[in-house]
Amino acid sequence: MERLAFDTPENGQLTKVADDLYWARFSLPFRLNHINLYIIDTPDGWVLVDSGINADSTAQQWQALLSGPLAGQPVSRIIITHHHIDHIGYAGPLSQLTGAPIFMSEEEVTKARWLLERDDNLFADLVADTYAANGLDEAHCALARSDKGRFSRHVAPLPEVQTLTAGDIIKSRHGSFEIRLDKGHSHAHIGLVDKARGLYIAVDFLLPRISPNISVDMRDLNDDMLGAYLTYLAEASDMDEGWHIFPGHDWPFCKGASRAKALLAHHEDRLNALREAAAQQPITVTDAMGVLFGKVFEAHELYFATGEARAHLTHLVTRGDMTIQPKSALNAPDYFALSQP
Ligand SMILES: [Zn+2]
């Protein structure tokens, strides 16, 4: 991985990162305190890639961009890469503000609508029940039960959405970006690739500094999301090192194949640590969190940390390295044991 020499854009400004591609940075109220958004210049107008979280600061910055650097032409499309709050949150208001339609992959819009339609109480209960299955103590489950609307709080209502599928083309002023859909960080995350020019808007699948969160869906704890991500990383390991990669957080970079290999090694290392822990005695997801992260999290991070720990254990089960022990009681947590050789 090598950082590209672009200036980080200030609030309300854009940095040009290719002939027809611009980078904006919006603030987030989390420890990961910003998100990168991208804007493609096309013959039909601006194509906005992602919207930011639903917050006043996001509204103000879009106003500044639309009346400033983006004022010269209309917005033709809003592409939302995946359903996570920092990407989709402001999509509805942004569509209203610009008159542009929203585009997503079918799976991601279904996921977003499911989350938006959940009653806040029922959703909080679902999180709490998942925590209990993960072996978290009652205090953490109670915290989850009282944390109502963790999705709807940050995501505005979603109007009609049109769908994009893998292979669709976005023609820009100087090239064309092909849509790809990848599973791992989410189920059908949109990436945009201009192979001829070596430009790849990877968003949350390839980040230069942090390891993208790989979490299981609470509705399907046994879906092997990490396996899917490792397959993606193996493919990305063949990428031309000269490609310019545009991530959802931190800064544009090149040498993406090296970054993919480093992330593969990171996950293999984490999987080995879990095998070693389970060789002592069967472990819960909470035990796995201790092995993987070695610390206690606040509510927002706990949600991702448990999801990621479960994704590693689910992958070990899918590989045949571990088994889930039958529950001893109805509300007992899941225990993962090393399979006998
Ligand atoms: Zn994400």
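As the structure is a computational prediction, the values presented were derived from the model and not from experiment.

Draft legend 1. Spatial organisation of the nonpolar core. One finds Tyr38, Ile39, Leu48, Val49, Ile78 and Ile79 to be the most contacted residues of the largest nonpolar core, which totals 70 residues. Look past the residues within four positions of Leu48 in its chain and what remains in contact with it is Leu37, Ile39, Val75, Ile78 and Ile79. In terms of nonpolar packing, the next biggest core, distinct from the first, is built from 22 residues, Leu136, Leu274, Val285 and Phe336 among them.

Draft legend 2. Looking closely at the pairing of strand β4 (residues 34-42). As paired strands, strand β3 (residues 21-27) and β4 are joined by seven bridges and run antiparallel to one another. The residue of β4 that forms the bridge with Phe26 is Ile35. With antiparallel pairing between neighbouring strands as the criterion, β3 and β4 make up a hairpin whose turn holds six residues. Where β4 and strand β5 (residues 45-49) come together, five bridges link them in antiparallel fashion. The partner of Tyr38 across the bridge, within β5, is Val49. As consecutive antiparallel partners, β4 and β5 are separated by two residues.

Draft legend 3. Expanded view of the packing of helix α9 (residues 285-293) against helix α10 (residues 299-319). Where α9 contacts α10, the axes come no closer than 9 Å and their chain directions differ by 100°. With respect to each other, α9 and α10 are oriented roughly perpendicular. Here Val285, Ala288, Met289, Leu292 and Phe293 of α9 lie close against α10, whose contacting residues are Ala305, Thr306, Ala309, Arg310, His312 and Leu313. Here the residues of the contact of α9 with α10 are counted per class, giving eight nonpolar, two polar and one charged.

Definitions and cut-offs
Residues numbered from 1 in each chain as written. Predicted model: local features only at pLDDT ≥ 70, side-chain atom pairs only at ≥ 80, totals over all residues. Core = buried A, V, L, I, M, F, W, Y, C linked by C-beta atoms within 7 Å. Buried ≥ 20, exposed ≤ 12 C-beta atoms within 10 Å, placed from the backbone. Contact = placed C-beta atoms within 7 Å. Pairing = 2+ DSSP bridges. Helix = DSSP H or I, 4+ residues; strand = E, 2+ residues; numbered from the N terminus. Axes fitted to C-alpha atoms, helices over the stretch in contact; angles between N-to-C directions. Parallel < 35°, antiparallel > 145°, perpendicular 65-115°, else oblique. Nonpolar A, V, L, I, M, F, W, Y, C, P; charged D, E, K, R; others polar.

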